[in-house]
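If you want the building blocks of each chain, they are given just below.
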Amino acid sequence: MNFVEELKWRGMLHDMMPGTEELLAKEQVTAYIGFDPTADSLHIGHLCSVMILRHFQRCGHKPLALIGGATGMIGDPSGKSAERNLLTEETLQRNMAGMKKQLSKFLDFDSDAPNRAELVNNYDWMKDFSFLDFAREVGKHITVNYMMAKDSVKKRLNGEARDGLSFTEFTYQLLQGYDFLHLYETKGCKLQMGGSDQWGNITTGAELIRRTNGGEVFALTSPLITKADGGKFGKTESGNIWLDPRYTSPYKFYQFWLNVSDADAARYIKIFTSLSREEIEALTAEHEAAPHLRVLQKRLAKEVTIMFYLIQLEIVFVFIHCFTSYMFLPVIILFYSTITLHVFKVYYTKNTLSNRGFSQFFRLTGSFSPEISKKEAAVFLRLPDTLIWSYRF
């Protein structure tokens, strides 16, 4: 599978440096995308970047997910009109642990494959870097004129920001550029990817590598995802749609995708699922023939929900929690209204019922309470081969 062609037909390619496609065609390439740990969970605004890494690995290349433990202490000014609040080290550590757990649902970190994913944290190589060392080893290679020419800097200096641009934020592109240099020297990383608003920071890293040791590296960006009406993707009246059931229940997560417009569903199903081109074209034709059935929205919601919540499971397990009205003894009687039976088709990698499998179930349903369980699990009523019977006590 050709990675660039895969991104093109899915509408996930915005720009790339000349020579990128040729590099990917001739060797297994190591590439990275950075994630700022501003919260202890990813949200769906991160999903495009996560899916790019997923496709990258499926195409035989090696993905690196960089958690910005150091740069997260500053904040990227790209696309921002005000300076971010600086996070404490304790908060950053908690956020990074949560994000690592979620990324493992999409990428293979544990196999013996030569292209298994790796998680890196730039705090590991920045924590002992003194200001004087950084100025000598990094700052001298990039001129202020070069940095001032970046759009992210010019927009903040041309009146879009009430308070201008702090020196802390101004140096962000040097810190991100050094990440690229470090990964190039230690991991053989030749490609950095990200959203289109990251182009300036990425090219600063490429220029730093060229001026430092003459190396040649490449850049690739994806378009920023918006709604068909121009609104911001991933935002609702209640805020972000998170990839954590503590903040966004599986039910609300599913409903978000189910309620997107026809135009958005046609784009999102390419970007946020791993369905093949043939499957998506067939679904699109079916949707166009009967738009009122919302075929695209239903399949989109199903695929994204399953991918996140059930990606690591492989067997069918059955929870039977049965009580008689008076004796409180477990009884298996399938056709009586006094029995509670939950049958979930889920997948678990070790093919055994384990504590991990049981805990995953209760994270999905959100609670031991029958009332909350029914509400949270209602999403699965719309999934084929899934049965949920709920009854009165």
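Keep in mind it's a predicted model, so treat the numbers as computed, not measured.

**What to know about the sheet that holds strand 3 (residues 62-67)**
Reading across the sheet, the six strands line up as 1-6-5-2-3-4 and stay open at both edges, with mixed pairing between neighbours. Looking at the sheet topology across the chains shown, the edges are occupied by strand 1 (15-16) and strand 4 (118-121). Relative to strand 6 (residues 218-222), strand 1 is paired through two bridges, and the arrangement is antiparallel. Counterpart to Met16 in the pairing with strand 6 is Leu220. The strands touched by helix 3 (residues 47-58) within the sheet are strand 2 (30-35), strand 3, strand 5 (189-195) and strand 6, with strand 2 carrying the most contacts at an inclination of about 165 degrees. Across the face of the sheet, helix 10 (residues 172-187) comes into contact with strand 2, strand 3, strand 4, strand 5 and strand 6 while running at roughly 145 degrees to strand 5.

**A look at a nonpolar patch on the surface**
Nonpolar side chains collect at one region of the surface, where Phe131, Leu132 and Phe167 lie side by side and expose about 400 Å² of accessible area between them. Assessed through its relative accessible area of 63%, Leu132 is described here as exposed.

**Remarks on the packing of helix 1 (residues 3-10) against helix 3**
It is the contact of helix 1 with helix 3, at a shortest axis distance of 9 Å, that shows an interaxial angle of 140 degrees. Between helix 1 and helix 3, the angle is such that the two are oblique. With respect to the hand of their crossing, helix 1 and helix 3 are arranged in right-handed fashion. Contacts between helix 1 and helix 3 involve Phe3, Glu6, Leu7 and Arg10 from the first element and Ile52, His55, Phe56 and Arg58 from the second. The residue inventory of the contact of helix 1 with helix 3, partitioned by class, reads four nonpolar, one polar and three charged.

**A word on the side chain of Thr273**
Here Thr273 shows up in the loop between helix 13 (262-271) and helix 14 (277-289). Exposure remark for Thr273: the relative accessible area of 1% places this residue in the buried category. Reaching out from Thr273, the side chain makes a polar contact with the backbone oxygen of Ile269 at a distance of 2.6 Å. The contact partners of Thr273, leaving out residues within four places of it in the chain, are Arg10, Met51, His55, Tyr268, Ile280, Leu300, Glu303 and Val304.

Parameters and conventions
- Residues numbered from 1 in each chain as written.
- Predicted model: local features only at pLDDT ≥ 70, side-chain atom pairs only at ≥ 80, totals over all residues.
- Heavy atoms only, no water.
- Pairing = 2+ DSSP bridges.
- Helix = DSSP H or I, 4+ residues; strand = E, 2+ residues; numbered from the N terminus.
- Contact = heavy atoms within 4.5 Å.
- Axes fitted to C-alpha atoms, helices over the stretch in contact; angles between N-to-C directions.
- Patch = residues over 30% accessible without salt bridge, like charges linked within 9 Å, V, L, I, M, F, W, Y side chains within 5 Å.
- Areas by Shrake-Rupley, 256 points an atom, 1.4 Å probe, with all protein chains shown as cover.
- Salt bridge = Lys/Arg side-chain N within 4 Å of Asp/Glu carboxyl O.
- Buried < 20%, exposed > 50% of the residue type's maximum accessible area, 1.4 Å probe, protein only.
- Parallel < 35°, antiparallel > 145°, perpendicular 65-115°, else oblique.
- Left-handed = near helix turned anticlockwise from the far one by under 90°.
- Nonpolar A, V, L, I, M, F, W, Y, C, P; charged D, E, K, R; others polar.
- Polar contact = N/O pair within 3.5 Å; in protein donor to acceptor, adjacent residues only side chain to side chain.

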